[in-house]
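Working through the structure, step by step
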Amino acid sequence: MFELSVACKYLIPRWRQLSVSIISLVSMLVIALVVWLIVVFFSVKDGLENSWIDKLIALTAPIRITPTEKYYNSFYYQVDSISSQADFTNKTIGEKLLAEQANPYNPDSDEEPPVYWVKPDLNQNGDLKDLVKDVYQIIASSPELHETSITDYEITAANLKLRMLRPYGKIDQEHPKGTMTQQFIEQAAYIGSFDPNTTAIAKTLLPLSPDDLQNLQYVQSTSADIHLPPSSLHAKVADDGSRIIIPGNNQNGEGILVPRSYKEAGTLVGDQGYISYYSPTPSAIQEQRIPIYVAGFYDPGIMPIGGKFILASHQLAGLIRASHNQDDTLQSNGFNVRFKNLADAHKIKAALMKAFKQQGLDTYWNIETYQEYEFTKDLIQQLHSEKNLFSLISMVIIIVACSNIISMLIILVNDKKIEIGILRSMGATSGSIAIIFGLCGMVMGACGSIIGIIVAVITLKNLKFLVDMISRFQGYDLFNPVFYGNTLPNQISMEVLGYVVLATALISLLAGIVPAVKASLLRPSAILRSE
Amino acid sequence: MNSQKPVLKAKAIHKAFYNPALVQILKGVDLTIMCGDTVAIMGRSGEGKSTLLQILGTLETACSGYLEIASQTVNNFNKSKIRNKNLAFIFQSFHLLEDYTALENVLMPASIARSNISPGSPAYNRACQLLEKVGLDSRKHFNTKLLSGGEKQRVAIARALCNDPDILFADEPSGNLDKQTSQYIHELLLDFAHNQGKALILVTHDADLAAMCSRRFRLCEGILVAE
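As a convention, each chain's residues are numbered from 1 in the sequence order in which they are written. All chains are assigned letters beginning at A, and all ligands numbers beginning at 1, according to the order in which they are written. Whole-chain, interface and lining totals are the exception, using all residues; otherwise, since this is a predicted model, local features are given only for residues with pLDDT of at least 70 and side-chain atom pairs are given and counted only at 80 or more.

Considering the interface of chain B and chain A
Contacts between chain B and chain A engage 19 residues on the former and 15 residues on the latter. Runs of E in the DSSP output that reach at least two residues are strands. Runs of H or I that reach at least four are helices, and both are numbered from the N terminus. Among the elements of the structure, helix H1 (49-56), helix H2 (79-85) and helix H3 (102-112) of chain B are those that each provide at least two residues to the side of chain B that touches chain A. Lys, Arg, Asp and Glu make up the charged group, whereas Ala, Val, Leu, Ile, Met, Phe, Trp, Tyr, Cys and Pro make up the nonpolar group; the residues left over, Gly among them, are polar. Among the residues making up the side of chain B that touches chain A, the classes are represented as 7 nonpolar, 7 polar and 5 charged. Contact between residues is assigned whenever the C-beta positions, reconstructed from backbone atoms, fall within 7 Å.

Topic: the sheet that holds strand S4 (residues 64-69) of chain B
Residue and element names in this part refer to chain B. Should DSSP find at least two bridges between two strands, the strands are regarded as paired. If you trace the 4 strands from one edge of the open sheet to the other, you get S2-S1-S4-S5, paired in antiparallel fashion. Every interior strand has two partners, whereas the edge strands, strand S2 (22-34) and strand S5 (72-73), have only one. Two elements, strand S1 (residues 6-18) and S2, share 10 bridges in a ladder whose sense is antiparallel. Residue pairing in the sheet places Leu8 in a bridge with Ile33 of S2. Running over the sheet, H1 touches S1 and S2 and is turned about 130 degrees from S1. With axes taken as lines fitted to C-alpha atoms, and helix axes fitted only over the stretch in contact, angles between N-to-C directions fall between 0 and 180 degrees.

Re the domain arrangement of chain A
Residues and elements named next belong to chain A. Segmenting chain A into domains produces domain 1 (2-57 + 379-530), domain 2 (61-148 + 339-369) and domain 3 (151-335). When residues of the side of domain 1 that touches domain 3 are assigned to their parent elements, the largest contribution, 5 residues, is made by helix H2 (residues 18-59). Of the residues that constitute the side of domain 1 that touches domain 3, the class distribution is 4 nonpolar, no polar and 2 charged. Delimitation of the domains relies on an automatic or database domain assignment.

Points about the pairing of S1(B)
All names here are of chain B. The antiparallel pairing of S1 with S2 creates a hairpin that spans 3 residues between the two strands. Sheet topology note: the S1/S4 ladder contains 5 bridges and is antiparallel. Directly across from Lys9, in S4, lies its bridge partner Glu68.

Focus on the sheet that holds strand S8 (residues 199-203) of chain B
Residues and elements named next belong to chain B. Taking strand neighbours across the sheet as the criterion, the 6 strands line up as S6-S7-S8-S3-S9-S10 in an open arrangement whose pairing is mixed. What marks the edges here is a single partner per strand, and that holds for strand S6 (87-90) and strand S10 (223-226). Taking the axes of each pair of neighbouring strands and ignoring which way they run, one obtains an average angle of 20 degrees across the sheet. In this sheet, strand S9 (residues 215-220) lies alongside strand S3 (residues 38-42) in parallel orientation, the contact comprising 4 bridges. Paired with Val39 across the strands is Arg215, a residue of S9. The strands touched by H1 within the sheet are S3, strand S7 (167-171), S8 and S9, with S8 carrying the most contacts at an inclination of about 150 degrees.

Some words on the environment of Ser261(A)
Among the secondary structure elements, Ser261(A) is positioned in helix H8 (residues 260-264). Every C-beta atom is placed from the backbone, and the number of other C-beta atoms within 10 Å of a residue's own sets its class: buried at 20 or more, exposed at 12 or fewer, partly exposed in between. Judged by the 17 C-beta atoms lying within 10 Å of it, Ser261(A) is partly exposed.

Written as structure tokens, this is what we have:
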């Protein structure tokens, strides 16, 4: 292409055009600097955002299905309370799933349903719709949802008390294990069940510290299960990588995962205690205690209630929840729907909604993607708003950087006046002349952005080293590990790269318009005559 | 092209400008050039010879008048195409592209015409032949900055012939050259015009060169008079 070959020729630095060459180089370096800044900033921001979202999803799910008020008012849910087969007790979703029949009501032996109850929702066979099992049926049978998995979850509230035994003083013959001090942590907490068959939660697990290992050794030495090695007491991913193992049902109690705030409060892996809750008995409401021990710490990320959220086995959470009054149960149990590609969340939600509508289940269940959860919606919206704002700011910075190109190209046009006249005399159109100078601007912008991207990639590959160096220089952490984790996450986003390359090329092209138009309007006769 | 067919028809060409008062440079110039004509335009300095040449070569716009080149009426939309396909210029100060080699300069009109100019292509072979004809075969890859004045003008002639134009315009082509080189350039230009059937319109003060042309005109007070 004639225009491109001429533009490239003009961009080669020459001693004869030293001023133009220097200005071009400076313009390109300014663009490279801006591109570097934008790519590094957005990569770290995207890395942080994705790490937060990863943790959020690991602790919840990309999609959650929760019962609506209509579910709790339905005959299907209420009927358990008057059925002898159901022990006259409302059931959780997990219990409904295990129930042998959808309708345990026996009209011969059970009392008559109250008149204000809604009528039973029957399927085509005239049987009561099984609102829980039908959900599983939909997931299993729909071809659009074949890569998704579904598990039910329970969230409940209880009181957690941990005893922290710590060695103190010298070890001697009189005190072969040293003197022990003890402290307690007591907190009202949410107890959430987690699915051990997903390894997603492994992303949030904090590594064991030397103190944790020492404490585990102590616990093992005092345990009745003396044969248990310390490594069998903490949470870990199974050797085949298919599931998370949280040891439980040993002499130390049930293993639970507590948030990192407990670690910061001095708790160690292996600390023992109990979860207490109140359960009605025939005589009174009595406190019940379940022995537990800390099997690991997890990072709750941006979950606002993360500091009070304890992860336990499904059985433990279900046991506590079943003992509660089930009236105020909205949002406290439901289904977690998991799949590989997070970007499919909206597509899968739409498929679920369609299938639920076809089966007449849509009014009983509420389907939300991770962006719509009540406790994260505002935060995720804020992250998106920030992204849009920073994109706008970066656009302004790119415009300022690319504006240097205007002055450079005007000098270049003045420098190349005679050549413009010669090219016009040979038949080059004014459009071709404009394209040559427009391309000069665009090539400069593109080169600047490529240099910036290369330097940004190098920076990101050595980010830890740079952050450590700045931290040492200023004497404290550049990024607080509480918010950003031990290493600053970063992820080069193709979206950001595309945006930066396109924006710089486009703005450089636009910056080249004024000089290009000036060049194209030059009269060849006037240029050639003046020589 | 038929030798009886005019390649250029100019009628009532007027040109004036303000400097600061109105100056009438051309006062109705009529000119018809046939294929193979060699035309010399002479006149005193400042009479408007170069302006006339640039108007006829579509580099300048006349205030009024009619111009037809190769059977096409010249307008703002086809000027560039006509310049590229049908016309070529040879300037007193050569006007070669400095950062290019002699061969690249010769190939430039073909490149503007979007012809294939890669080695072995017809345009490339033609450019090499033209450089050989002007005696610069051995210097085709030389940067034009390294060439002498006479060599530069020979490159300019080769470049002018690259797209096989109908008319060559030469504005004092030997004005910057010594007498011996001038003589060589004149012969080269006239040879090309005769041998390849091109029309040649040149502006000159050189009576000897004018005498070698088939038609001679003198521009005097804006009127073109045949001699």
